[in-house]
Structure formats: structure tokens, C-alpha cells
Amino acid sequence: MSPALRRRENISGYLFLLPSLVFFVGFVVIPMIMCVVTSFYDANMNLNTPDVFIGFGNYVELWQDPVFIKALVNTFIIVGVSVPFVCAFSLWVASVIYKMREGLLSFFRIVFYLPVVTGSVAVTVVWKWMYNNYYGIFNHLLKGAGIIDSNINWLGDPKYALWCIIIILLTTSVGQPIVLYVSALSNVDQSLVEAAEVDGATNFQVFWRIKWRQIMPTTLYILVITTINSFQCFALIQLLTSGGPNYATETVMYYIYYTAFKLYRFGYGNAMGVILAIFIGLLSALQFRLAKEK
Amino acid sequence: MSEVKLVGIKKIYDNNVTAVHDFNLEIKDKEFIVLVGPSGCGKSTTLRMVAGLEEISDGQLYIDGRLVNDVAPKDRDIAMVFQSYALYPHMTVYDNMAFALKLRKTPKAEIDKKVREVAEILDITSYLSRKPKALSGGQRQRVAIGRAMVRDPKVFLMDEPLSNLDAKLRNQMRAEIIKLRQRINTTFMYVTHDQTEAMTLGDRIVIMKDGFVNQIGTPKEVFNKPVNLFVAGFIGMPVMNFFDNCKLLKENGVYFAEIRGVRFELSPFQQAALKQNGAESCEIVCGIRPQHITVGEGELTGRVEVSEMLGSEYNIHAVSGEDNVVMVIPTVGLETDVSMGATVNFTTMPELIQLFDKKSGNNLIWFDKESAEKNHPVCKSYDSL
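*Asks:* Help me understand the overall build of chain A, please; the structure alone is not making it clear to me.
*Replies:* Within chain A one finds 14 helices and two strands. Scaling as 2.2 N^0.38, a compact globule of 294 residues should have a C-alpha radius of gyration of about 19 Å, whereas chain A reaches 24 Å, well beyond that. Along the first, second and third principal axes, the C-alpha atoms of chain A reach 85 × 75 × 35 Å. Looking at chain A residue by residue over its 294 residues, the buried ones come to 40%. Taking the intrachain contacts of chain A between residues at least 6 apart in sequence as the baseline, contacts between residues at least 24 apart amount to 65%. Surface summary for chain A: the accessible area is close to 16,600 Å², and the carbon and sulfur share equals 68%. Each charge sign in chain A was given a centre, from 18 positive and 14 negative side chains, and these centres are 4 Å apart.

The following block contains the structure:
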């Protein structure tokens with residue numbers, strides 16, 4: 001290809017990219033930079049009172065803020081529970097259903113994917129009803145079975161509230177990983193499985209030494225997206241508990257929202273955002289590293 | 001000792017499609033058997049049933065006298081080389097070859113010794129630390145064979161192992177397999193759709209079509225004594241010429257084959273065989289191999305359409321009446337004009353003419369229905385072929 005022709009092709013390529021590039025830069029790159037920049041300011045977005053540069057002031061304050069520490073611990077509990085559970089559970093379900101005939105497989109796909117496509121408000125309202133202190137189904141069932149004597153205030157008791165949130169998060173998080181695992185397991189080269197069987201591998205050995213290695217890229221993707229989703233758990237908190245009772249369900253994401261949009265401390269909120277992004281980045285990098293070593 | 005015996009083996013899939021009909025075969029210890037046939041003939045399915053990767057719908061499979069119908073692949077003491085090589089992509093060549101031995105908890109030192117020994121034989125020692133993706137097709141093929149070899153299996157199964165290689169490499173690897181076979185001296189079952197591979201590798205060849213065994217014999221037998229039109233057309237390169245609308249004539253107890261009005265008095269052997277079979281005058285299809293045609297003499301004529309000079313011989317494609325005829329003629333001493341458009345006379349020796357019944361397609365000389373039914377009852381279905 002001549003240089004002139006190549007140049008012409010490059011120009012038209014960039015022109016095609018331009019609309020999405022403008023959107024990406026305007027709504028993703030610039031806000032990210034602004035977020036980092038304003039995290040060094042005492043910013044309140046009020047045009048009458050200019051932002052004051054305070055250096056690492058917001059970052060220092062964060063580690064002295066007990067609510068932020070509590071939110072960080074809660075967030076790590078959510079991530080620590082949901083990531084391994086979602087991966088293990090979705091892999092188990094997928095490995096059971098992926099060989100089923102098409103109709104049955106589609107049925108299970110729908111069952112597990114339904115909470116993902118259903119609006120989070122609708123899902124949350126149903127769960128709120130199930131967790132209800134007076135007429136919720138859980139209290140009804142547990143009392144009926146004689147496990148509890150009096151009703152439990154699931155979302156109002158600091159002992160249970162976070163776990164209730166985690167349970168909802170799990171039901172809405174397993175759908176996509178199951179679909180991904182079903183597809184990954186179906187795509188494992190059957191001749192590798194057969195070769196291992198002929199070589200003398202048991203079913204478990206075939207899974208662990210062949211299939212598991214083949215679906216590793218999917219596992220890595222699931223780990224990363226589940227980690228990010230868990231770190232960013234917000235809608236459930238906002239709709240069910242608003243971080244309460246007594247910050248028992250406070251997460252970093254919700255605290256960012258609360259600080260920035262309720263208290264108008266944008267600089268402080270953005271500093272939390274930066275810290276959250278660093279944690280997500282570190283954890284994802286660690287997952288990539290471990291997967292690569294395997 | 002590693003004999004394999006297939007008795008009335010059938011494969012019927014869930015959708016009621018029968019992939020293999022009543023397959024009967026006794027493979028002797030250290031014999032190299034090749035299953036050959038077009039795509040969908042059931043040869044790979046048969047091999048996979050022997051491997052235990054496919055359930056046997058009916059019949060019995062014995063390996064070394066033990067009924068193995070319900071025995072898992074890992075307990076059959078077989079090794080298999082797959083068409084796609086099926087090398088574990090996340091393992092090095094060494095680990096691929098050592099995998100089966102590790103699963104059997106073989107001591108490390110012994111694994112190392114065996115892997116290196118086999119790698120030496122296959123000339124892949126320098127690739128032992130590489131992953132399969134860093135190897136060429138031929139090298140991968142060697143690793144796949146090596147992986148099977150380290151196990152010293154009773155039976156070596158190969159499912160079209162050369163079909164993913166280019167022509168040159170395929171020829172090379174074919175020679176390697178012949179050498180390998182002499183070295184490891186075990187029982188082989190080899191599946192291919194390439195009749196050249198079948199002819200060059202097999203002690204005996206099983207020719208299949210539509211799930212039926214058509215003929216079992218040595219390469220020489222299936223080439224010289226094809227039992228029906230399918231076998232005659234499948235084995236041999238270029239394929240056998242078939243002349244439609246020929247006649248078998250019996251006059252005063254003497255048999256003649258009439259091709260396009262030209263009579264050939266059949267050889268004493270053919271006369272005797274036809275007499276024994278009680279053949280009468282009838283319409284037949286005559287088959288003549290391209291290598292068995294002589295040009296420049298005889299009464300049959302053909303117009304040359306394409307003339308391919310291949311160095312030591314000519315491949316001549318001619319039209320004789322309604323029939324297309326291919327002739328392979330040595331270039332040395334050729335005095336006839338075989339250029340495009342030329343008309344050539346040609347003939348053959350009567351004993352080289354194959355006579356097929358027009359209705360059933362069976363060879364009037366070589367098809368022995370009684371023996372065929374005894375050895376592989378599927379031949380009953382020849383009438384419908």
C-alpha cells in the first residue's frame with residue numbers, strides 16, 4: 001500500500017472514531033481527571049465560593065474519618081464474600097446445566113438471568129417486602145418452622161443488615177457469570193477432554209486439569225467484573241437502608257454519594273473515589289497476576 | 001498379545017440414525033488395520049467406540065479377550081492420536097507427554113526417562129519445554145504420537161492423524177508412521193479417508209460406506225479384487241474407469257465382455273469363476289484401471305480432451321462414446337499422438353477387466369456372497385448399494 005493511500009485510510013479511520021472519541025473524552029476522561037484534580041481541593045461546586053487547594057488534606061482526613069473506615073470495611077466484606085461465592089456458585093450451576101438439552105438450558109439461563117435484566121428498583125422492592133419486619137416471608141417461614149420465636153428486623157438490625165444486602169447482591173450478580181461459564185464450558189475443545197479421558201483422567205481430573213485451565217480467561221473476566229460491581233454496590237444501599245442502621249451497611253460508594261451530593265463536599269467525595277479506584281485497580285491487577293501464573 | 005475383536009458392533013444415535021451397521025472384524029496381535037471410506041461412512045465412529053468415547057449400541061467389543069463394552073476409556077489400555085492433535089495448550093510438550101504417566105502415579109524418574117526416550121525417537125527433544133502453540137503442524141503431530149507412545153498401550157488408535165498436514169508433510173509423516181510401527185510393534189487401528197494412506201500403511205484395509213463394511217482385505221486384494229463398484233472406484237489413483245452399457249456374453253459356454261461393441265474373450269480364470277457362479281449373458285459395467293490401458297492399439301477409440309505430462313507418464317483424459325476414460329501411459333516409447341483433440345485407439349488385457357453386475361454393482365468374479373455374509377453380514381445390503 002502506498003504511503004498516500006495509507007494516510008488516506010488512517011484519516012478516514014480516525015474520522016469514524018471521532019464521535020465516540022469525543023463522547024469518551026468529554027464524559028469519561030475529563031471527569032476522571034477533574035475527579036483527581038478536585039480531590040486536592042476543598043471543593044463544593046459553588047461558584048460564589050472558590051475551591052481552596054488543600055493538597056493531600058482530603059486524603060489525610062479520610063483515614064481519620066470513622067465512617068469512611070467503617071464503609072471501607074463493609075465494602076471489603078461485600079467484595080470478600082460475593083466475589084468467591086459468585087464465581088464458585090455460577091461455575092457449579094453452569095457445569096450442571098451446560099450439557100442439558102437446549103430448552104432446559106434456556107429455561108435455567110432465563111431463571112438466573114432474570115434478576116440481572118429486571119430493574120434494580122423492582123428487585124429491591126420485592127426483597128424489601130420479603131425482609132419486612134411484620135409481614136415478610138422470611139419471618140413467616142422461620143417462625144412457621146420454629147427456628148425463631150419473634151420477628152427479626154432484618155434490615156434494621158446491624159447484625160443482619162449487611163448480610164441481607166449481600167444476599168440480594170449475590171442473586172443479582174450470578175446471572176451473567178452463569179451465562180458466561182455456560183458458553184465457556186461449551187466451547188472447551190471436546191477433543192482435549194476426550195484425550196484426557198483416554199490418557200486416564202477421572203471426571204474430576206478432566207475438570208481440574210483441562211476444563212478449568214481452558215475457562216481461565218472467562219474466570220478472570222468474571223472475577224474482575226464481580227470485584228468492580230461489588231466495590232461499586234450503591235443502588236441496593238440507597239433503596240433499602242441508606243447506609244444504616246448506624247452505618248452497618250455504609251459502603252464507600254454510598255458514602256461518596258452522600259458526601260458529595262448531600263453534604264456538597266465534592267473534593268472529599270472525589271478523594272474517596274480515587275482511593276476506591278486504586279483499590280479496584282490493585283485487586284484486579286492481583287487477579288490478573290495470579291491467573292497468569294496459573 | 002493385543003487382539004481386538006468386534007462382533008456385530010452397531011451404533012445407533014438418539015435420533016435413530018444408524019452410523020455403523022453390524023461391524024465384524026478380528027484384528028490380530030500387532031496387525032495394522034486401516035478403516036477407510038468417505039466422510040460419514042462410520043469409520044471414526046467405529047474407532048471412537050473402540051476407544052470408549054462413543055457408546056456401543058449393540059454387539060461386543062473384546063480387547064485381549066476381555067469384553068470392554070462397559071469399560072471406561074482410561075481402563076482399556078489404549079492410546080489415541082486425534083485428528084486435531086488435542087494437545088493440552090496450557091502444558092509444555094514434556095507435560096503433554098508425561099500427563100498420562102503422572103495420572104498413573106508413575107515415579108518421576110521413570111516418567112522422565114520414558115518421555116526423553118520417546119522424544120529422542122520422534123526427534124522432538126529440543127521442543128520439550130515449548131508450548132504446543134509454538135510448534136508447527138508436523139511437530140505437533142509428533143508430540144501427539146509421542147504422547148500416545150509413552151504409555152506402551154495395547155492398542156494404538158489413530159483418527160485421521162495426517163489430515164491437517166500439507167501434502168509434503170503428510171508424505172513425510174506417513175513414512176514416519178511406517179517406521180514407528182516397525183519400532184513399537186503393537187496393534188494399530190488407523191482411520192483415514194485417504195486411500196493412499198490406507199494402501200501404504202495397512203496390513204489389512206476395511207472399506208466402509210454409509211455405515212456398512214464393503215470389503216476387508218490386504219491392500220493388494222482390495223486393489224485387484226474389488227468386490228463391488230464402490231470399492232473399485234474408491235481404491236486406486238486415478239480412479240478406475242467404468243464403462244456403462246457393456247455386456248457379458250455367453251456363447252457356446254465361452255464368456256466374452258463386450259465394451260462399446262468390441263469383444264474381449266475372458267481369461268481362463270474368469271471363465272472358470274463365471275461358470276462356477278452360474279453367470280448368464282447380462283448387462284454389466286466393465287471396470288479398467290487407468291494403468292491397465294494400452295494406447296495405440298485395439299479397437300476402442302477415444303478423443304483426447306486433456307493430456308497431462310507428469311514427467312515419467314502421461315495422464316490422458318479422453319471421451320469414448322458416453323464414457324470418460326482416464327489413461328496413465330508411460331512416456332518412454334510412446335509413439336501415439338496423445339495431444340489434445342487427437343483420437344487414440346486403446347485396449348487392455350481381458351484378465352484386467354473387472355466385471356460388475358449392472359443391477360447390484362457386485363463384482364461377478366470376486367464377490368462371494370456366502371463368505372461375505374459369514375464374515376461381514378452387512379454385505380447383504382450390497383443389492384441396495
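On we go.
*Asks:* I tried to follow the overall build of chain B on my own but got confused; where do I start?
*Replies:* Check the secondary structure of chain B and you find 10 helices and 19 strands. The C-alpha extent of chain B, read off along each of the three principal axes, is 75 × 45 × 35 Å. Carbon and sulfur atoms make up 47% of the accessible area of chain B, which amounts to about 17,300 Å² in all. Averaged over its 47 positive side-chain charges, chain B has a centre that lies 8 Å from the centre of its 50 negative ones.

*Asks:* Please explain the nonpolar core as it appears in this structure.
*Replies:* Buried together is how nonpolar side chains tend to be arranged in soluble globular proteins. All names here are of chain B. Of all hydrophobic cores here, the largest spans 85 residues; its most connected members are Leu-6, Phe-23 and Leu-157. What Leu-6 contacts, discounting residues up to four positions off in sequence, is Phe-23, Asn-24, Leu-25, Ile-27, Thr-46, Val-50, Gln-60 and Leu-61. Among the nonpolar cores identified, the runner-up in size contains 47 residues, and Phe-32, Val-81, Val-93 and Leu-135 belong to it.

*Asks:* Where do I start with the pairing of strand 19 (residues 354–357) of chain B in this structure?
*Replies:* Across a regular strand the side chains alternate sides, sitting on one face of the sheet and then on the other. Residue and element names in this part refer to chain B. Neither face of strand 19 is exposed, since Gln-354 and Phe-356 on one face and Leu-355 and Asp-357 on the opposite face are all buried. Across four bridges, strand 14 (residues 282–288) lies against strand 19 in antiparallel orientation. Note that in strand 19 the partner of Val-285 across the bridge is Phe-356.

*Asks:* Can you walk me through the packing of aromatic side chains in this structure?
*Replies:* Each pair of aromatic rings is reported with the distance of its centres and the angle of its planes. Summed over the entire model, instances satisfying the criterion amount to 30 aromatic pairs over all chains. The interplanar angle of 35 degrees and the centroid separation of 5.9 Å between the aromatic rings of Tyr-257 of chain A and Phe-261 of chain A together place this pair among those described as tilted. Taken together, the positions of Tyr-257 of chain A and Phe-261 of chain A, both in helix 13 (residues 252–262) and four residues apart, correspond to about one turn of that helix. Here the aromatic residues Trp-127, Tyr-131, Phe-138, Trp-154 and Tyr-160 of chain A are joined through ring pairs into a cluster of three or more. The ring of Phe-223 of chain B carries the charged tip of Arg-289 of chain B above its face, separated from the ring centre by 4.0 Å.

*Asks:* Can you help me understand the environment of Gly-333 of chain B in this one?
*Replies:* Residues and elements named next belong to chain B. With respect to the secondary-structure elements, Gly-333 resides in the loop between strand 17 (323–330) and strand 18 (343–347). Overall, the relative accessible area of 68% leaves Gly-333 in the exposed class. Once the C-alpha coordinates of Gly-333 and Ile-124 are considered, the two residues, 209 residues apart in sequence, prove to be 47 Å apart.

*Asks:* Looking at this structure, how should I read the sheet that holds strand 14 of chain B?
*Replies:* Residues and elements named next belong to chain B. The five strands lie next to each other as 13-12-11-14-19, forming an open sheet whose pairing is antiparallel. With partners counted over all chains shown, the strands left at the sheet margins are strand 13 (262–265) and strand 19, one partner each. Taking the axes of each pair of neighbouring strands and ignoring which way they run, one obtains an average angle of 40 degrees across the sheet. Relative to the sheet, helix 9 (residues 268–277) contacts strand 11 (241–251), strand 12 (254–259), strand 13 and strand 19, its axis offset from that of strand 12 by approximately 105 degrees.

*Asks:* Is there a simple way to think about the domain arrangement of chain B in this case?
*Replies:* How big an interface is tends to be reported as the loss of accessible area on association of its parts. Its domain assignment divides chain B into domain 1 (4–224), domain 2 (239–285 + 354–385) and domain 3 (294–347). The gap between the C-alpha centroids of domain 1 of chain B and domain 2 of chain B is 37 Å.

*Asks:* Is there a simple way to explain the packing of helix 8 (residues 175–186) of chain A against helix 11 (residues 216–231) of chain A in this structure?
*Replies:* Residue and element names in this part refer to chain A. Relative orientation of the contacting elements helix 8 and helix 11 amounts to 170 degrees, with a least axis distance of 10 Å. It follows that helix 8 is roughly antiparallel to helix 11 by the angle criterion. Where helix 8 abuts helix 11, its residues Gln-176, Pro-177, Leu-180, Tyr-181 and Ala-184 lie against Thr-218, Thr-219, Tyr-221, Ile-222 and Ile-225.

*Asks:* Just checking my understanding: could you explain the pattern of salt bridges for this structure?
*Replies:* Two side chains that carry opposite charge are able to pair once their charged atoms sit near each other. Evaluation of the coordinates by the stated rule reveals 22 salt bridges over all chains. Among the ionic pairs, Glu-160 of chain B bridges to Lys-43 of chain B, the shortest N-O distance being 3.9 Å. Within this pair, whereas Glu-160 of chain B is found in the loop between strand 7 (155–159) and helix 5 (167–184), its partner Lys-43 of chain B is found in helix 1 (residues 43–51), the two being separated by 117 residues in sequence. Glu-160 of chain B sits in the buried class, given a relative accessible area of 9%. Connected through salt bridges with shared partners, the residues Glu-194 of chain A together with Arg-48 and Glu-54 of chain B form a single ionic network.

*Asks:* What is the right way to read helix 4 (residues 102–117) of chain A from this model?
*Replies:* With 16 residues, helix 4 of chain A should cover 22 Å at 1.5 Å per step; its first-to-last C-alpha distance of 21 Å lies within 8% of that length. At Val-111 of chain A, helix 4 of chain A shows its strongest bend, of approximately 30 degrees, with the proline Pro-115 of chain A following within four residues.

*Asks:* Is there a simple way to explain the environment of Ala-167 of chain B in this structure?
*Replies:* Tracing the backbone through its elements, the reader meets Ala-167 of chain B in helix 5. Taking C-alpha positions, Ala-167 of chain B is 22 Å from Val-328 of chain B, a pair spaced 161 residues apart along the chain.

*Asks:* So what exactly am I meant to see when it comes to the interface of chain A and chain B here?
*Replies:* Taken together, the contact between chain A and chain B spans 16 residues of the former and 22 residues of the latter. Counting the surface lost from both chain A and chain B, the interface buries some 1,600 Å², and carbon and sulfur atoms represent 63% of this. At the surface where chain A touches chain B, the tally comes to two salt bridges. For Arg-48 of chain B, the salt bridge goes to Glu-194 of chain A, with nearest N and O atoms at 2.5 Å. There are nine residue pairs in polar contact (both at pLDDT 80 or more) connecting chain A and chain B. Elements with a minimum of two residues in the side of chain A that touches chain B: helix 9 (190–199) and helix 10 (203–214) of chain A. When its residues are assigned to classes, the side of chain A that touches chain B shows six nonpolar, five polar and five charged.

*Asks:* Help me understand unusual backbone geometry, please; the structure alone is not making it clear to me.
*Replies:* Most of the time, phi is negative for any residue but glycine, and the peptide bond is trans. With an omega of -5 degrees, the peptide bond between Gly-244 of chain A and Pro-245 of chain A qualifies as cis. Phi at Asp-123 of chain B takes a positive value of approximately 60 degrees, unusual for a residue other than glycine. At Asn-185 of chain B, a residue that is not glycine, the phi angle is positive and equals roughly 45 degrees. On the secondary structure map, Asn-185 of chain B appears in the loop between helix 5 and strand 8 (187–192). The class of Asn-185 of chain B is partly exposed, set by a relative accessible area of 37%.

*Asks:* I keep staring at the side chain of Gln-139 of chain B and nothing clicks. Help me out?
*Replies:* With respect to the element layout, Gln-139 of chain B can be found in helix 4 (residues 137–149). There is a polar contact of 2.9 Å between the side chain of Gln-139 of chain B and the side chain of Tyr-127 of chain B.

*Asks:* Would you take a moment to explain the state of the cysteines for this structure?
*Replies:* By definition, a disulfide links the sulfur atoms of two cysteine residues through a covalent bond. Residue and element names in this part refer to chain B. The final tally for this structure, using the stated rule, is zero disulfides over all chains. Residue Cys-246 stays outside any disulfide, its sulfur separated by 3.9 Å from that of Cys-286, the closest cysteine. A relative accessible area of 0% means that Cys-286 is categorised as buried.

*Asks:* Just to check I follow, could you spell out helix 2 (residues 93–103) of chain B for this structure?
*Replies:* Helical geometry note: an α-helix holds 3.6 residues per turn, so side chains three or four residues apart project in the same direction. Taken across its 11 residues, helix 2 of chain B has nine buried, putting it largely inside the fold. Looking at helix 2 of chain B, one finds that the buried residues are Val-93, Tyr-94, Asn-96, Met-97, Ala-98, Phe-99, Ala-100, Leu-101 and Leu-103 of chain B. In this fold, the buried residues of helix 2 of chain B make contact with helix 9 and helix 10 of chain A together with helix 3 (108–122) and helix 4 of chain B.

Rules behind the numbers
Residues numbered from 1 in each chain as written. Chains lettered and ligands numbered in written order. Predicted model: local features only at pLDDT ≥ 70, side-chain atom pairs only at ≥ 80, totals over all residues. Heavy atoms only, no water. Helix = DSSP H or I, 4+ residues; strand = E, 2+ residues; numbered from the N terminus. Rg over C-alpha atoms; globule rule 2.2 N^0.38 Å. Buried < 20%, exposed > 50% of the residue type's maximum accessible area, 1.4 Å probe, protein only. Contact = heavy atoms within 4.5 Å. Areas by Shrake-Rupley, 256 points an atom, 1.4 Å probe, with all protein chains shown as cover. Lys, Arg positive; Asp, Glu negative; His and termini not counted. Charge placed at Lys NZ, Arg CZ, Asp CG, Glu CD. Core = buried A, V, L, I, M, F, W, Y, C linked by side-chain atoms within 4.5 Å. Pairing = 2+ DSSP bridges. Phe/Tyr/Trp six-rings, centres within 6.5 Å; stacked < 30°, edge-to-face > 60°. Lys NZ or Arg CZ within 6 Å of the ring centre and 35° of its normal. Axes fitted to C-alpha atoms, helices over the stretch in contact; angles between N-to-C directions. Domains from an automatic or database assignment. Parallel < 35°, antiparallel > 145°, perpendicular 65-115°, else oblique. Salt bridge = Lys/Arg side-chain N within 4 Å of Asp/Glu carboxyl O. Expected span 1.5 Å × (residues − 1). Bend = angle between axes of the 7 residues up to and from the residue. Buried area = accessible area lost by both parts, 1.4 Å probe. Polar contact = N/O pair within 3.5 Å; in protein donor to acceptor, adjacent residues only side chain to side chain. Nonpolar A, V, L, I, M, F, W, Y, C, P; charged D, E, K, R; others polar. Disulfide = S-S within 2.5 Å.

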